[in-house]
Amino acid sequence: MSQTNTSQTAFPPIAFIGGGNMASAIMGGLIRQCVPASNITVIEPFEAARTALKTNFGIDALPAATDALQNAQLVVWAVKPQSFKEAAAPVAAYTRHALHLSVAAGITTDSVAGWTGTGRIVRAMPNTPALVGKGMTGLFARPEVDAAGKALIEALIGSTGEFTWVDKEEHLDAVTALSGSGPAYVFLFLEAMTQAGVDMGLSEAQSYKLAVATFAGGSDLAARSSESAEVLRQRVTSKGGTTYAAITHMQEQKLPEHFIEAMRKAEKRAKELAEEFGK
Ligand SMILES: NC(=O)C1=CN([C@@H]2O[C@H](COP(=O)(O)OP(=O)(O)OC[C@H]3O[C@@H](n4cnc5c(N)ncnc54)[C@H](OP(=O)(O)O)[C@@H]3O)[C@@H](O)[C@H]2O)C=CC1
Ligand SMILES: O=C(O)[C@@H]1CCC=N1
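This is a predicted model, so every value here is computed, not measured.

A. Focus on the site of ligand 1. Looking at ligand 1, there are 21 residues lining it, with Asn21, Met22, Glu44, Val79 and Ala105 nearest. The contact in question runs from an oxygen atom of ligand 1 to an N or O atom on the backbone of Met22, over 2.8 Å. In this structure, an oxygen atom belonging to ligand 1 sits 3.1 Å away from a side-chain N or O atom of Lys80. Protein coverage of the free-state accessible area of ligand 1, which is 890 Å², stands at 77%. Class assignment of the residues belonging to the shell around ligand 1 gives a composition of 14 nonpolar, five polar and two charged.

Written out as structure tokens, the structure reads:
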């Protein structure tokens, strides 16, 4: 796992196709690195999203592709898998010379190569904690991407948090199921833990605070500890105590098995997206 110190990186002109949640998270990282808004071109048809980009980053996004894209040395594809092919059609003629980075779930680099006319593609699976510089991103590079291209991607993604390279492109579907979708699992648990706290008489605000701090503290402890999650769990679980009562119930209800099964559904859906929208 890596994190790049990007303070010395001089970024070339970058274009974003799609200016929604994920694009904004990455742009936020760039702006934190003092990359001027004039270095960033965004194509975003949705007016409200363009207004948000202006308000948040001072970026004047364009509603449709223009020859302004010709300047871009790096093109970041941050559209939904369902919109990718359609979005690529008016962009491709301007950007064949560029390095391409796709964050679209499922869509393979073969599809992107077919739509953009170049094989210089890195596929990424980031996650929304990138918004606060705590992202985790899986990266896969096609052989056409050289060391300088990979270094540029590391600088870009490093500005949003940590990253890890995978050797096989299919592993990005596993990354998607784990850390890409993962923040939603955390938020679901936060919702349930907060509700349980309220049911037991705590205020919602206090309950939420306790739940959020428990996730943050537990994650930090795991990250700093040399011991496995299993050992850390056992340390909390006194025989015959409160945690034991809760964990025993979760195990009897096969919560871990259901959780694993749910993540495999996410992985399967990534492959389906490639089938449905990659042609
Ligand atoms: N959200 C997440 O947690 C993560 C998302 N991703 C991936 O990131 C990608 C973007 O997701 P997210 O940011 O959440 O989605 P958003 O809907 O927030 O952003 C996508 C944006 O692209 C715009 N768009 C649609 N068509 C075009 C087009 N032809 N040209 C340019 N822009 C277009 C959309 O406009 P409009 O609304 O008008 O359609 C929308 O504003 C997806 O492929 C997703 O798989 C990856 C990791 C995590
Ligand atoms: O749900 C999705 O399809 C996207 C990819 C990972 C997170 N959000």
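B. Expanded view of the UniProt feature "domain: Pyrroline-5-carboxylate reductase dimerisation" (unreviewed entry) in the protein chain. Per the UniProt record, "domain: Pyrroline-5-carboxylate reductase dimerisation" (unreviewed entry) is found at residues 169-273. In this annotation, residues 169-273 is assigned 83% helix and 0% strand; the end-to-end C-alpha distance for the span is 15 Å.

C. Layout of the environment of Ala25. In this fold, Ala25 is placed in helix H1 (residues 21-32). Remark: the alpha-carbon pair of Ala25 and Tyr185, spanning 160 residues in sequence, is separated by 19 Å. What Ala25 contacts, discounting residues up to four positions off in sequence, is Ala130, Leu131 and Thr160.

D. Examining the pairing of strand S3 (residues 74-77) more closely. With burial as the criterion, each face of S3 is covered, one bearing Leu74 and Val76 and the other bearing Val75 and Trp77. Two strands pair when backbone bridges link them, and strand S1 (residues 14-17) and S3 are joined in this way by four bridges, in the parallel orientation. Following the sheet pairing, Ala15 is matched in S3 by Val75. With four bridges connecting them, S3 and strand S4 (residues 99-102) associate as parallel partners. Residue pairing for S4: Trp77 is matched across the bridge by Ser102.

E. View of the packing of aromatic side chains. Under the criterion given, the structure shown has four aromatic pairs. Look at Phe189 and Phe259: their rings are 5.8 Å apart centre to centre, the planes differ by 65°, and that puts the pair in the edge-to-face class. Of this pair, Phe189 sits in helix H8 (residues 182-199) while Phe259 sits in helix H12 (residues 255-277); the two residues are 70 residues apart in sequence, bridging distant segments of the chain. Classification of Phe259 as partly exposed rests on a relative accessible area of 31%.

F. Inspection of H1 at higher detail. End to end, H1 covers 17 Å across twelve residues, agreeing with the expected 16 Å (1.5 Å per residue, within 8%). Here H1 lies mainly inside the structure; nine of its twelve residues are buried. Residues Met22, Ala23, Ser24, Ala25, Ile26, Met27, Gly28, Gly29 and Leu30 constitute the buried set of H1. Buried residues along H1 sit in contact with S1, strand S2 (40-43), helix H2 (47-57), S3 and helix H6 (147-158).

G. Representation of the pattern of salt bridges in the model. For the coordinates displayed, the defined rule picks out 13 salt bridges. For the salt bridge of Arg269 with Glu272, the shortest nitrogen-to-oxygen distance reads 3.1 Å. Note that Arg269 and Glu272 are positioned in helix H12 at a spacing of three residues, about one turn of the helix. Where salt bridges share partners, they join Arg123, Glu169, Asp173 and Lys271 into one cluster.

H. Spatial organisation of the UniProt feature "domain: Pyrroline-5-carboxylate reductase catalytic N-terminal" (unreviewed entry) in the protein chain. Within this structure's numbering, the places UniProt gives as "domain: Pyrroline-5-carboxylate reductase catalytic N-terminal" (unreviewed entry) are residues 14-106. For the annotated span residues 14-106, helix accounts for 38% and strand for 17% of the residues, and the straight-line distance between the end C-alpha atoms is 23 Å.

I. Representation of the domain arrangement of the protein chain in the model. Each domain of the protein chain was delimited in the assignment, giving domain 1 (14-172) and domain 2 (181-275). Counting each side, the surface lost to burial between domain 1 and domain 2 is near 510 Å², with a carbon and sulfur contribution of 67%. At the boundary of domain 1 and domain 2, one finds zero salt bridges. Where domain 1 touches domain 2, the interface holds zero residue pairs in polar contact (both at pLDDT 80 or more). Across the side of domain 1 that touches domain 2, the residue classes break down as four nonpolar, five polar and one charged.

J. Local environment of the side chain of Thr95. Among the secondary structure elements, Thr95 is positioned in helix H4 (residues 92-95). Looking at Thr95, its side chain comes within polar contact range of the main-chain oxygen of Val91, at 3.4 Å. Among all residues touching Thr95, those that are not within four sequence positions of it are Leu69, Val75 and His100.

K. Expanded view of the sheet that holds S4. In space, the seven strands of this open sheet follow the order S2-S1-S3-S4-S5-S6-S7, with mixed pairing throughout. Since the sheet does not close on itself, it has two edges, and those belong to S2 and strand S7 (161-165), each with one partner. Each strand of the sheet is rotated relative to its neighbour by a mean of 20°, with strand direction disregarded. This element, H6, spans S1, S3, S4, strand S5 (121-125), strand S6 (135-141) and S7 of the sheet and lies at about 145° to S7. On top of the sheet, helix H7 (residues 171-180) reaches S5 and S6; it is set at about 35° to S5, its chief contact.

So, how was this worked out
Residues numbered from 1 in each chain as written. Chains lettered and ligands numbered in written order. Predicted model: local features only at pLDDT ≥ 70, side-chain atom pairs only at ≥ 80, totals over all residues. Heavy atoms only, no water. Near = heavy atom within 4 Å. Polar contact = N/O pair within 3.5 Å; in protein donor to acceptor, adjacent residues only side chain to side chain. Areas by Shrake-Rupley, 256 points an atom, 1.4 Å probe, with all protein chains shown as cover. Nonpolar A, V, L, I, M, F, W, Y, C, P; charged D, E, K, R; others polar. UniProt positions renumbered as here; feature names shortened; annotations may be inferred. Helix = DSSP H or I, 4+ residues; strand = E, 2+ residues; numbered from the N terminus. Contact = heavy atoms within 4.5 Å. Buried < 20%, exposed > 50% of the residue type's maximum accessible area, 1.4 Å probe, protein only. Pairing = 2+ DSSP bridges. Phe/Tyr/Trp six-rings, centres within 6.5 Å; stacked < 30°, edge-to-face > 60°. Expected span 1.5 Å × (residues − 1). Salt bridge = Lys/Arg side-chain N within 4 Å of Asp/Glu carboxyl O. Domains from an automatic or database assignment. Buried area = accessible area lost by both parts, 1.4 Å probe. Axes fitted to C-alpha atoms, helices over the stretch in contact; angles between N-to-C directions.

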